[in-house]
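# Structural overview
Each chain, letter by letter, is given below.
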Amino acid sequence: MLKIAYHPIYKHPLPEGHRFPMIKYELLPEQLLHEGTCIHDNFFEPEIPNDKYILAVHTPEYYYDLVNITLDQRAARKIGFPLSEVLVEREVIIADGTIQSSLHALKYGVAMNIAGGTHHAYTDRGEAFCLLNDQAIGARYLQSKKLASKILIVDLDVHQGNGTAEIFQNDNSVFTFSMHGKANYPFKKEKSDLDIALETNTGDEDYLDILYQTLPKLINEVQPDFIYYLSGVDIIASDKLGKLGLTINGCKERDRFVLQTCKEHNIPVMCSMGGGYSPDIKVIVEAHANTFRLAQEIFF
């Protein structure tokens, strides 16, 4: 069965007019249930994990400044959300959602987190709506439990996975691949193991051609025994924070290819949703829902 991490805390209250579309975390599971892609049994509620799994990625100074709400104002502003105990609890629960989904992926081939993809969180700081790096935490968890040794992170959000690149910069056991908009935030990029920076307005055909050529070759070279997929839908042309030019169908074909390739190579894959900032919330929900529909179709 497709297992999906979801907790009501994912939809966190934000100030009026905030640009982050927090409502998507409520609408997405509702849509999947309404259309019959999922039933209630597909969803599970993550909890608060042991601190040691978070501290395997993040420095104690940074993590406990978050937990105690003692982060200095400049560092807190970079995160982009008003810092609060509930916000930090939310981030910790999202990280557990990715840990638990990783275990479900080992069992069923694929598993999802309704939230996550917090790839701008570094070892010692957060930025751009990311406090804790959920997929890095998941990767370290699997390795600590000897459930995976070589991990590939496929980050197809429109923004470079700068925090993820920094976390694993000196670690050959985790290969970081980021395909992103060249002109997009972050303006100072980190060095992933493989970065592909795309020109502004890159459309479906060019994007998919590059992906078709890159991913199978990468899997053959890296030989991973687990894949994390960050399936941000901010690659769509209408996205307010993205500068690529894909259609919803192009985004769906991207997801199909990634999931099908993982299945064909018999490599478990865990998906975190990442970004999506189109002005019309229906576009965001539809694009994210496609990822879940395809996981259900391809694996079950």
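Quick caveat, the model's predicted, so the values are computed rather than measured.

A word on the overall build of the protein. Tallying secondary structure elements over the protein gives 10 helices and eight strands in all. Relative to the 2.2 N^0.38 estimate, which gives 19 Å for 300 residues, the radius of gyration of the protein is 17 Å and therefore close to what a compact globule would have. Of all 300 residues assigned to the protein, the portion counted as buried reaches 58%. Across the protein, the fraction of contacts at a sequence separation of at least 24, relative to all contacts at a separation of at least 6, is 74%.

Checked against the element boundaries, Leu-103 lands in helix α5 (residues 85-108). Judged by its relative accessible area of 26%, Leu-103 is partly exposed. Once the C-alpha coordinates of Leu-103 and Glu-297 are considered, the two residues, 194 residues apart in sequence, prove to be 20 Å apart. Each residue touching Leu-103, except ones within four places of it in the same chain, is listed here: Tyr-141, Leu-142 and Leu-147.

Turning our eyes to something else, we now look at the environment of Phe-300. By the element assignment, Phe-300 lies in the segment after α10 (281-299). Exposure remark for Phe-300: the relative accessible area of 40% places this residue in the partly exposed category. Between the C-alpha atom of Phe-300 and that of Leu-2, which follows or precedes it by 298 residues, the distance is 7.5 Å. Setting aside its immediate chain neighbours within four residues, Phe-300 contacts Met-1, Leu-2, Tyr-108, Val-110 and Ala-295.

Another point: the state of the cysteines. Enumeration according to the criterion identifies zero disulfides in this entry. Unpaired in this structure, Cys-251 has its nearest cysteine sulfur neighbour in Cys-271, at a distance of 12 Å.

It is worth spelling out the packing of α5 against helix α6 (residues 134-144) at this point. The N-to-C vectors of α5 and α6 enclose an angle of 50°; their axes lie 8 Å apart at closest approach. Considering their axes alone, α5 and α6 lie oblique with respect to each other. Note that α5 runs across α6; the crossing there is right-handed. When α5 is examined against α6, the residues Ile-94, Ala-95, Thr-98, Ile-99, Ser-102, Leu-103 and Leu-106 are found in contact with a partner set consisting of Asp-134, Gln-135, Ile-137, Gly-138, Tyr-141 and Leu-142. Residue composition of the contact of α5 with α6, by class: eight nonpolar, four polar and one charged.

The next subject is the pattern of salt bridges. If you walk through the whole model with that rule in mind, you get 12 salt bridges. Arg-125 is the partner of Glu-127 in a salt bridge, and the nearest nitrogen-oxygen pair spans 3.9 Å. The exposure class assigned to Glu-127 is buried, which follows from its relative accessible area of 10%. For Arg-125, a relative accessible area of 29% puts it in the partly exposed group.

For the coordinates displayed, the defined rule picks out 13 aromatic pairs. Summarising the aromatic geometry, the rings of Phe-129 and Tyr-277 are spaced 6.4 Å apart at their centres and angled 45° between planes, so their arrangement reads as tilted. Of the two residues, Phe-129 is situated in the loop between β3 (110-113) and α6 and Tyr-277 in the loop between β8 (269-272) and α10; the sequence distance between them amounts to 148 residues. Consider the rings of Tyr-212 and Phe-257, whose centres lie 4.8 Å apart with planes at 65°: the pair is edge-to-face. In this pair, Tyr-212 is assigned in helix α8 (residues 204-222) and Phe-257 in helix α9 (residues 248-264), connecting sequence segments 45 residues apart. Grouped by ring-pair contacts, the aromatic residues Tyr-6, Tyr-10, Phe-20, Tyr-25, Phe-81, Phe-129 and Tyr-277 constitute a single cluster. Across from the ring centre of Tyr-122, 3.7 Å away, lies the NZ or CZ of Arg-125, which sits over that ring.

What counts, and at which threshold
- Residues numbered from 1 in each chain as written.
- Predicted model: local features only at pLDDT ≥ 70, side-chain atom pairs only at ≥ 80, totals over all residues.
- Heavy atoms only, no water.
- Helix = DSSP H or I, 4+ residues; strand = E, 2+ residues; numbered from the N terminus.
- Rg over C-alpha atoms; globule rule 2.2 N^0.38 Å.
- Buried < 20%, exposed > 50% of the residue type's maximum accessible area, 1.4 Å probe, protein only.
- Contact = heavy atoms within 4.5 Å.
- Disulfide = S-S within 2.5 Å.
- Axes fitted to C-alpha atoms, helices over the stretch in contact; angles between N-to-C directions.
- Parallel < 35°, antiparallel > 145°, perpendicular 65-115°, else oblique.
- Left-handed = near helix turned anticlockwise from the far one by under 90°.
- Nonpolar A, V, L, I, M, F, W, Y, C, P; charged D, E, K, R; others polar.
- Salt bridge = Lys/Arg side-chain N within 4 Å of Asp/Glu carboxyl O.
- Phe/Tyr/Trp six-rings, centres within 6.5 Å; stacked < 30°, edge-to-face > 60°.
- Lys NZ or Arg CZ within 6 Å of the ring centre and 35° of its normal.

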